[in-house]
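# Structural characterization, general
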Amino acid sequence: MSHPARWLIFTLICIPSAAFADPPVALEVTAGDSSGSLRFALRNVSGAPVEVLADRRLLSFAATAPVALPGVRRRRAAPMFRCVHDQRPTLNEFSARVTLQPGRRYSEEIDVADLCGLRVPSVGGQPLEFHYGFAPPRRGPGSHGRSIVTDERAEVFPEVTALASPTLLGGDIGSAAPAIVPVPALLSLSARGSSASAANGLRVSVTLRNPSIQPVWTLLRPTQFSFVVTTPAGRDVACEALVRQPAPLRDLFVRLPAHGQRTFALLPSMHCPLQTFQTAGLYRARARFESRANGETFGMQRVFTGIVESVSVTLRVSRGQVVPLRPRFE
């Protein structure tokens, strides 16, 4: 084979097989209105209307791992942390769509903890690289089923990208409301949230503690716990379907020694109204414990009565209705 023929074959191999035209929309990412959230926007940069997907699960980003401390030997380069929603669609068939006029844009918020599956990364000083859409094919022209632009254009646009400052992730992810503590504080309550694909898989671990060096008595049954759940849309829901104060029988009182504790695993779906967790996203839950029995009949000293409340914890439902979070047309 002649040398020119070899160079021709080599050149054809090196030409990228999937080349795409400039997309008619641009991606912009800024800090969200609420703590721990981002706001992404799709702006029409073309001269004609464009129909584009509006699905926050298509957003992802990559961040450089934190720089090693001085004097610490690093054997290999820092890996890139890629944050992708675990229910990211593989096709555009079931995602919502919006039509943007020239120069107009559509935006909505997404919780970083939801996007990252509750594993929010620590990032270094390098810019964050955001992607919106589908991974471009390594070879071939691409598929209209994996295009973020869904009108009658012949071109395929798998994704758009943008760079943003790492300070976008500097907010307090899952900020908690202050706890309601009885006075005197004979007991304290803490909770730990969870993530599940559906409501019936959610668990909340609640721990009732005696923070003092003196023992404390309390009436203690699982039916004395309740929740206040804040939905992704910001609506508060009282979850007290199972709340019932038990009869103050002697056998139902529990003695918590100095710094002692008792832990229960509760199912929020059993406490809350039926449709509370039907939307995919992040929920904030505050656990409450109430006891009204003072134990005087049994001669008990230092008996807890009243209400104690935990700080907010995060519950995540990865599947369900995908409702836009605080959408805007501008």
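Below is a summary of the structure that appears in this document. (Residues numbered from 1 in each chain as written. Predicted model: local features only at pLDDT ≥ 70, side-chain atom pairs only at ≥ 80, totals over all residues. Heavy atoms only, no water.)

### A short note on the overall build of the protein chain
A count of helices and strands for the protein chain gives three helices and 21 strands. Every one of the 330 residues in the protein chain was classed for burial, and the buried ones make up 42%. Per element, the accessible surface of the protein chain, about 17,800 Å² overall, is 55% carbon and sulfur. (Helix = DSSP H or I, 4+ residues; strand = E, 2+ residues; numbered from the N terminus. Buried < 20%, exposed > 50% of the residue type's maximum accessible area, 1.4 Å probe, protein only. Areas by Shrake-Rupley, 256 points an atom, 1.4 Å probe, with all protein chains shown as cover.)

### Topic: the sheet that holds strand β10 (residues 188-192)
Taken in spatial order, the three strands of this open sheet run β10-β12-β17, and their pairing is antiparallel. Looking along the sheet, the strands with just one partner apiece sit at the ends: β10 and β17 (261-266). Across this sheet, the average inter-strand angle for adjacent strands is 20 degrees, counted without regard to direction. Here β10 runs beside strand β12 (residues 204-209); their pairing, made up of five bridges, is antiparallel. (Pairing = 2+ DSSP bridges. Axes fitted to C-alpha atoms, helices over the stretch in contact; angles between N-to-C directions.)

### Some words on the nonpolar core
L27, L38, L59, F61, F130, Y132 and I148 are the most contacted members of the largest nonpolar core, which totals 34 residues. Apart from residues no more than four positions distant in its own chain, I148 is found in contact with V25, E51, V52, L53, Y132, G133, F134, F157, P158, E159 and V160. Counting 30 residues, the second largest nonpolar core, distinct from the first, contains V204, V216, Y283 and L315. (Core = buried A, V, L, I, M, F, W, Y, C linked by side-chain atoms within 4.5 Å. Contact = heavy atoms within 4.5 Å.)

### A look at empty space enclosed by the protein
Across all of its chains, the model carries one cavity of 30 Å³ or more by this definition. Reported here for the largest cavity is a volume of approximately 30 Å³. Every residue lining the largest cavity is listed: R56, R57, H85, D114, A280, G281, V317, S318 and V322. In terms of residue class, the lining of the largest cavity is built from three nonpolar, three polar and three charged. (1 Å grid on protein atoms, 1.4 Å probe; cavity = no way out; pocket = protein on both sides within 12 Å on 5 of 7 lines; lining within 4 Å. Points joined across faces, edges and corners; volume = space filled by probe spheres on them. Nonpolar A, V, L, I, M, F, W, Y, C, P; charged D, E, K, R; others polar.)

### Details of the pattern of salt bridges
Counting across every chain of the model gives 17 salt bridges. Notably, a salt bridge pairs R43 with E28, separated by 2.6 Å at the nearest N-O pair. Here R43 is found in strand β2 (residues 37-44), whereas its partner E28 is found in strand β1 (residues 25-31), with 15 residues between them in sequence. Exposure remark for E28: the relative accessible area of 23% places this residue in the partly exposed category. Between R57 and D55 there is a salt bridge, and its shortest N-O distance comes to 2.8 Å. Of the residues examined, D55 reaches a relative accessible area of 3% and is grouped as buried. Among the ionic contacts, a cluster of salt bridges with common partners joins D33, R39, E109, R326 and R328. (Salt bridge = Lys/Arg side-chain N within 4 Å of Asp/Glu carboxyl O.)

### Focus: the sheet that holds β2
The sheet built from four strands is open, its strands ordered β1-β2-β7-β21 with antiparallel pairing. Sheet topology places β1 and β21 (325-329) at the edges, where each strand pairs with a single neighbour. When strand polarity is set aside, the average angle formed by the axes of neighbouring strands in this sheet is 20 degrees. The pairing of strand β7 (residues 105-111) with β21 spans three bridges and is antiparallel. Looking at β21, one finds that Y106 is bridged to F329.

### Re the state of the cysteines
Joining two cysteines, a disulfide is a covalent bond between their sulfur atoms. A full pass over the atoms with the stated rule returns two disulfides. For C83, the disulfide goes to C116, at an S-S distance of 1.8 Å. Remark: C116 occurs in the loop between α2 (112-115) and β8 (128-133) and C83 occurs in strand β5 (residues 80-84); sequence separation between them is 33 residues. By relative accessible area, C116 is classed as buried at 5%. Each sulfur in the disulfide pair C239 and C272 lies 2.0 Å from the other. In this structure the cystine formed by C239 and C272 twists about its S-S bond by roughly 100 degrees; its chirality is therefore right-handed. (Disulfide = S-S within 2.5 Å.)

### Considerations on the layout of surface pockets
The calculated volume of the largest pocket comes to roughly 220 Å³. What lines the largest pocket is a set of eleven residues, among which S34, D111, P232, R284 and R326 lie closest to the centre. Split into classes, the residues belonging to the lining of the largest pocket amount to two nonpolar, six polar and three charged.

### Considering the pairing of β2
With seven of eight residues buried, β2 lies mostly within the body of the structure. Inspection of the sheet shows β1 paired to β2 by seven bridges, in the antiparallel sense. Directly across from A26, in β2, lies its bridge partner R43. Turn length for the β1-β2 hairpin, with the two strands adjacent in sequence and antiparallel, is five residues, and the turn residue G36 shows positive phi of about 80 degrees.

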